[in-house]
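Reading the structure
The residues making up each chain are set out below.
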Amino acid sequence: MAKIALCAGSFDPPTNGHLNIIERGTRLFDKVVVAVAVNSGKKTTFTAQERVEMLKEIFKGRTDIEIDTFEDRLLVDYARSKKAVVLLRGLRNITDYEYELQMALANKKLAAEIDTIFMMTESQYSHLSSSLLKEIVFLGGSVDEMIHPLVEKKLKKKLKP
Ligand code: ADP
């Protein structure tokens, strides 16, 4: 049976740190489902549809990566509906760890058959977050090697229309 991992997040917008975790995930699993969180209560820079479109464009032609959305439901229930056996997460620092440990333990309690697997960020991405990138682009700094050129273009348009 195909081993499927679920990589969920806001991806507002996706950074090269996210893309790296997804890419490395495909080396370990048959398929990585990338699930963009649609959180009606959360103000995002990009709509869920825009975030999905960016990811689809970036991973165009990849049969081992599926881009989807999930909304207002338990992540483990969504994972079950996708037949995912693993929740794939990236870890940057101790702050990520504290939050992720709590989520992983809660998810394990909710769904014992699903495991959370962590991948250490690669050093060149350890400082990257979507919010930091938005700030750099807004202030006119260079985000070379931090985000995909397509994301950079969309972000510039969004922040400085
Ligand atoms: P969330 O809303 O869940 O915080 P994010 O889109 O910020 O969603 O992140 C989704 C996943 O990607 C998380 O597991 C997060 O730790 C990971 N991630 C984010 N940025 C990086 C990075 N620079 N390097 C490695 N993993 C990252």
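Scroll up a little and you will see the structure.
Let me sum up the structure you'll find in this document. Everything numeric here is computed off the predicted structure, so don't read it as measured data.

1. Brief notes about a nonpolar patch on the surface
Side chains of Ile94, Tyr97, Leu101 and Leu105 sit close together on the surface and give an oily, nonpolar patch of about 410 Å² of accessible area. Tracing the sequence through the fold places tyrosine 97 in helix H4 (residues 94-110). You can call tyrosine 97 partly exposed: its relative accessible area is 41%.

2. Overview of the pattern of salt bridges
Summed over the entire model, instances satisfying the criterion amount to 15 salt bridges. Arginine 62 is paired through a salt bridge with aspartate 64; the nearest N and O atoms lie 2.9 Å apart. Across the salt bridge formed by aspartate 77 and arginine 80, the nearest N and O atoms sit 3.3 Å from each other. Of this pair, aspartate 77 and arginine 80 both sit in helix H3 (residues 75-81), three residues apart, which is roughly one turn of the helix.

3. Some remarks on the side chain of asparagine 20
Its location among the elements puts asparagine 20 in helix H1 (residues 16-28). Here the side chain of asparagine 20 touches arginine 24 through a polar contact of 2.9 Å, side chain to side chain. With near-sequence residues (within four places) excluded, asparagine 20 lies in contact with Glu122 and Tyr125.

4. Things to note about helix H2 (residues 48-58)
An α-helical segment advances 3.6 residues per turn. Residues three or four places apart therefore align on the same side. Within H2, burial applies to Ala48, Arg51, Val52, Met54, Leu55 and Ile58. Each buried residue of H2 sits inside an arc of 160 degrees when the element is viewed along its axis, so together they form one side. Looking at the buried residues of H2, the elements they touch are H1, strand S2 (31-38), strand S3 (65-71) and helix H6 (149-159).

5. Considering H1
Look at H1: 19 Å from first C-alpha to last across 13 residues, which is about the 18 Å you get at 1.5 Å a residue. Buried residues along H1 sit against strand S1 (4-9), S2, H2, S3, strand S4 (86-91) and strand S5 (115-120). Between the side-chain oxygen of the N-cap and the backbone nitrogen of glycine 17 there are 3.1 Å, and the N-cap of H1 in question is threonine 15.

6. Examining the site of the ligand
Around the ligand there are 15 residues in total, and Ser10, Phe11, Gly90, Thr121 and Tyr125 lie nearest to it. In the environment of the ligand, an oxygen atom lies 3.0 Å from a nitrogen or oxygen atom belonging to the backbone of phenylalanine 11. Here an oxygen atom of the ligand and a backbone polar atom of glycine 90 are 2.5 Å apart. Relative to its unbound accessible surface of 550 Å², the ligand loses 85% to contact with the protein. Taken atom by atom, the bulk of the ligand overlaps the largest pocket. For the shell around the ligand, the secondary structure elements donating two or more residues are S1, H1, S4 and H4. Take the shell around the ligand: its biggest share by element is three residues, from H1.

The rules we used
- Residues numbered from 1 in each chain as written.
- Predicted model: local features only at pLDDT ≥ 70, side-chain atom pairs only at ≥ 80, totals over all residues.
- Heavy atoms only, no water.
- Patch = residues over 30% accessible without salt bridge, like charges linked within 9 Å, V, L, I, M, F, W, Y side chains within 5 Å.
- Areas by Shrake-Rupley, 256 points an atom, 1.4 Å probe, with all protein chains shown as cover.
- Salt bridge = Lys/Arg side-chain N within 4 Å of Asp/Glu carboxyl O.
- Helix = DSSP H or I, 4+ residues; strand = E, 2+ residues; numbered from the N terminus.
- Buried < 20%, exposed > 50% of the residue type's maximum accessible area, 1.4 Å probe, protein only.
- Polar contact = N/O pair within 3.5 Å; in protein donor to acceptor, adjacent residues only side chain to side chain.
- Contact = heavy atoms within 4.5 Å.
- Arc of directions from axis to C-beta.
- Expected span 1.5 Å × (residues − 1).
- Near = heavy atom within 4 Å.
- 1 Å grid on protein atoms, 1.4 Å probe; cavity = no way out; pocket = protein on both sides within 12 Å on 5 of 7 lines; lining within 4 Å.
- Sits in = over half its atoms within 2 Å of the grid points.

Keep in mind that these numbers describe shape and distance, not what the molecule does.
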